[in-house]
Each structure stands twice: as C-alpha cells, then as structure tokens.
Amino acid sequence: MRRTPRLFPNEDATNGWSRILPPRAPSPALKGDIKADWLVIGAGFAGLSAARRLAENRPGERIVLVDAHEVGEGASGRNSGFAIDLPHNVGGEFGELSGSQRYMRLSRAAIASLEEIVTKRGIACNWRRVGKYHACSALLGRRKVLDPFAKELDALGEPYRWVEGAALARELGTAYFHSALHTPGCVLVNPAALVRGLAASMPPNVTLHERTRITALEDGATVKATTPDGNITAKGAILAVNGWARSFGVFKGRIVTLAGYGSLSRPLTEDEHQSIGAVQDWGLTPANAFTGVTMRYTPDRRILVRHHFAYAPQFTRPADEPARVRAGHERILHERFPTLKSVNIEHSWRGFLCFSRNSAPGFGRVGSNLFAAVCQNGVGVTKGTIGGLLAADLATGCDNPLIADMESLGTPNALPPGPFLDLSVRARLALENIRWRAER
Ligand SMILES: Cc1cc2nc3c(=O)[nH]c(=O)nc-3n(C[C@H](O)[C@H](O)[C@H](O)COP(=O)(O)OP(=O)(O)OC[C@H]3O[C@@H](n4cnc5c(N)ncnc54)[C@H](O)[C@@H]3O)c2cc1C
C-alpha cells in the first residue's frame, strides 16, 4: 500500500525546555538512497524506544531512524516532563482494577527502561523520582476525583499520602490549593534533555537522520520510503509519528489531535526562592487534566505552567493564540504565587497531542511489514516509551508478556465523521470547561 502524508510537523523554535539547554547540532538529513533492515519514523519517546529495542533485539541489523524535525523539538521535548506510573483515574470495579494493574505494569516498565538508560549513559536531564501531587483547588475536585482516587489506590494497595491546607502550602510554597494526594512513583525530568540524551546514546547499529520527512511510504514485501533528498528501503518499519499517523492513513477516523501549551518562568532569585519557603522541586497535576493547570517548580527554580488544550485537526491554531495563552499563563503564575508578581514567563510554546475516544493506544501491526506505536493519550513519556519498545518486540517476533498487557488496552474506536467530529470535540472541550470552572 502506498501512503502519501500531506500534513507535516512544522514546530517553531519556542520550546523552553530546549532553549534552556546548550545549543545542539542535529544529525545530518538523509541524502541519497540507502538500504536498511528496519526504518523507524519519528524520533520522540516512541520512535527512540522502538529504534533502541530493534537494535538490541537484532544487533547484527541496521536500523535507520528519521524525524522531520530536530530531536527534542517535537511533543516529546515539549511536554511537562512527568513520567507517570499510575493511571490518571483508576477504576473501582474488580475488572477495572485489573486493567489498572496492567496499565501500571506498562508504565513502570517504561520508567524502569528510561531510568536504566539515564543511569548507564549518565544523561543529564534532572531525572528526579520525587512523585507528584494530584491536586484540587476546590471541593469539586476533591469530591469528584481525589476521594475516589484515594479509595481506588487503597484497593490497589498503592502508597499515597494526603497533604492538605497549611501542610500543602508549606510543601508547595503556595496556599492556592485545597488538598492533594501525593503518590511517590512519578519521575520529573527536563523532557528535551532526556530526549536528546536518548538520541545521543543509541546503539551503534542505529543511524539517525533529522530534518528528514517521509513524504511517501510503500509497505508490501519490503518497505520503501521517500524523503525529499533520498529513499530508504527496509524489510520492515515502525511508525512512531503521533497524530501524524492519520496522514499516513493509519488509525484514520480513530484519533484526534489537540494543541497543548506550556510555559516556563525565569529562574527565581535566591530571595524569591526564600519567599516561597525555599521549597524542594515538585510537580502537580490537576484534578481535571483537560481544564486544569499542571504546574512544576523545577530544580533550577523555574515555575512551569501547562494550561489550555485546543482542537487542532490540521495541526494549526489561530496566529494570536500563543500570545493570549502566554499572558494567561503569567496570570495563573501570579494568582498562585502573589509574592512573585515580578517573575515573568520566559518561554512559552505549543505541542500536539494525540487522543482516541476510548483512550486506547494506536499500537500493533498496521500493514504487511508496518507496525505502529502512536496515540499516547497525553501520557507519552511512559506510554510512548513502552509502545515503541513493544512494537519493536512485536516486529522482531520477540516474546514479551507485556505485549498482551498492551493489547488489552484495546485499539482506538471509530470516531464520528468529519463535521460531526469537529462539533463533538469542540463541544466536549467547552462543556468540560464549564463543568470544571470551579477548579482552576
Ligand atoms: C504541553 C504538553 C504537555 C505534556 N505533558 C506531558 C507530561 O507531563 N507527561 C507525559 O507523559 N506526556 C505529556 N504530554 C504528551 C506527550 O508529550 C506526548 O504524548 C508524547 O510526546 C508523544 O510521543 P511520541 O513519540 O508518540 O510522539 P512525538 O513526540 O510527537 O514524536 C513524533 C515525531 O514524528 C515526527 N514526524 C511526524 N511526521 C513525520 C514524517 N512525515 N516524517 C518524519 N517524521 C515525522 C515528528 O517530527 C515528531 O518528532 C504533553 C504534551 C504537551 C504538548
């Protein structure tokens, strides 16, 4: 089958996580025609993990990894840097609990795999297993999310602690939040530094080509990929292109893309740091992930604000949206930290996320010699990592019991056609914003 994508990544140079790192020279773009054993398309968490695993499973074979952009500049380098080990909201029924256990096995395998590479290869990405606060700012979030979440963690035998009122204010340096459940398993990182480090520590049988977009892909007895300046022939390929999978005709009509925005403040001065109680670095996710605000206080004393999701079926948004969102992020920062009125937002950026209606990943064989690890439903640090690794195991016939766990998450459900889909996604986002307006 011949696939000719029409939508391509066009990220700008705004990503704060990479702007605060030293400049990096990208690997050369592909020039000419090459033969490989495996092709991996997309060098985010999913593609990097797939390429590494293919190389480990088949040390004598050649793996080519390509990305249309530069490593660390896609969504994998643009997120909030939470490697989350628990489902956002676990289920209370017996069946749902076993689903949660499978999900946790997958997430924890992803974290273990990343941690091993970070440690072995000495990747400087502020890898910090400090857990996270799942927090509410009003009773709505406590009643609807945190209390049921605590009950379900009890049923799963998972550790957590309640932090409320003055104690929470002391740990976060702000009295804005009502209460929080702190769970210990989440890791916080600088995601761009992690992704760069993963790319720089690939096994020797992986060749990376950045700024190399695939403009056509033919999968049959072999895979033939076209790029602007060369072609790649391989015996198999893994598609790890997140929401752009639709454009390759993969999971078309089953996945949607949203734009999400993040910002980093300038680093706090020593006095400002003292004024918020000289707190340790922390990460906080909101009761409602879509309408609420994710925040971090980073080891280099910056404040991260992640807020605002918008429907982006064509990977575009109105030109004035970034400036409006940035101003909103600064307001959010000052509302939560009234003593930090002189602290401004230094970097603000947008990235694209991919979702399915039933939260299932786009995983598995999708063509004769084509496999996919896409659609991470907003938790791509872990889901992308494990999806890529397991896609490589599936492609190379390597037995891994986690493949069954992954497959048990299902595949993306069909979505309503064109205009109905647009309407329903926009209506759903608007409705959620109204229902959760008390929780900001
Ligand atoms: C603001 C924000 C905050 C987030 N916070 C978190 C968080 O804290 N924790 C978490 O787990 N997740 C978070 N996410 C989601 C997470 O970033 C994504 O789920 C994850 O990055 C997806 O990884 P991926 O490898 O599947 O895709 P991507 O990182 O999007 O990688 C896909 C790659 O494919 C490439 N590509 C596409 N088309 C082509 C083509 N034709 N040819 C060649 N290459 C192509 C792209 O350039 C891209 O680099 C957040 C996302 C955003 C935007």
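Just so it is clear, the model here is predicted, and its values are computed rather than measured. (Residues numbered from 1 in each chain as written. Predicted model: local features only at pLDDT ≥ 70, side-chain atom pairs only at ≥ 80, totals over all residues.)

Undergrad: Teacher, can you tell me more about the overall build of the protein here?
TA: Helix and strand counts for the protein stand at 12 helices and 21 strands. The C-alpha radius of gyration computed for the protein amounts to 21 Å, which stays within 12% of the reference 22 Å derived for 440 residues, consistent with globular compactness. Principal-axis analysis of the C-alpha atoms places the extent of the protein at approximately 65 × 50 × 45 Å. Every one of the 440 residues in the protein was classed for burial, and the buried ones make up 48%. Taking all contacts inside the protein whose residues are at least 6 apart in sequence as the whole, residues at least 24 apart take part in 77%. (Helix = DSSP H or I, 4+ residues; strand = E, 2+ residues; numbered from the N terminus. Rg over C-alpha atoms; globule rule 2.2 N^0.38 Å. Buried ≥ 20, exposed ≤ 12 C-beta atoms within 10 Å, placed from the backbone. Contact = placed C-beta atoms within 7 Å.)

Undergrad: Sorry, what's going on with the site of the ligand here?
TA: Taken together, 43 residues sit near the ligand, with Gly42, Gly44, Gly74, Gly351 and Gly380 positioned nearest. Those elements giving two or more residues to the shell around the ligand turn out to be α2 (45-57), α3 (75-78), β15 (255-265), β19 (345-356) and α10 (380-395). A class-by-class count of the residues in the shell around the ligand yields 21 nonpolar, 18 polar and four charged. (Near = placed C-beta within 6 Å. Nonpolar A, V, L, I, M, F, W, Y, C, P; charged D, E, K, R; others polar.)

Undergrad: Sorry if this is basic, but what is going on with the sheet that holds strand β8 (residues 179-183) here?
TA: Two strands in a sheet stick together by hydrogen bonds in their backbones, pointing the same way (parallel) or opposite ways (antiparallel). A sheet is described by the order of its strands in space; here eight strands give the open sequence β7-β8-β6-β16-β17-β18-β15-β19, paired in mixed fashion. Strands with a single pairing partner mark the edges of an open sheet, and in this sheet they are β7 (161-164) and β19. Going across the sheet, the axis of each strand differs from the next one's by a mean of 25 degrees, ignoring polarity. Summarising the sheet, strand β6 (residues 132-136) and strand β16 (residues 282-286) pair through three bridges and their orientation is parallel. Bridged to histidine 134 within β16 is threonine 285. Here helix α6 (residues 165-172) sits on the sheet in contact with β7, β8 and β16, set at roughly 90 degrees to β7. (Pairing = 2+ DSSP bridges. Axes fitted to C-alpha atoms, helices over the stretch in contact; angles between N-to-C directions.)

Undergrad: How do you make sense of the packing of α2 against α10 when you look at a structure like this?
TA: A pair of packed helices is captured by two measures, namely the crossing angle of their axes and the spacing between those axes. At their nearest, the axes of α2 and α10 sit 7 Å apart, and the two run at 35 degrees to each other. Considering how the two elements wind past one another, α2 and α10 form a crossing that is right-handed. Touching Phe45, Ala46, Gly47, Leu48, Ser49, Ala50, Arg53, Leu54 and Asn57 of α2 are Gly380, Val381, Gly384, Thr385, Gly387, Gly388, Leu389, Ala391, Ala392 and Asp393, all from α10. In terms of residue class, the contact of α2 with α10 is made up of nine nonpolar, eight polar and two charged. (Left-handed = near helix turned anticlockwise from the far one by under 90°.)

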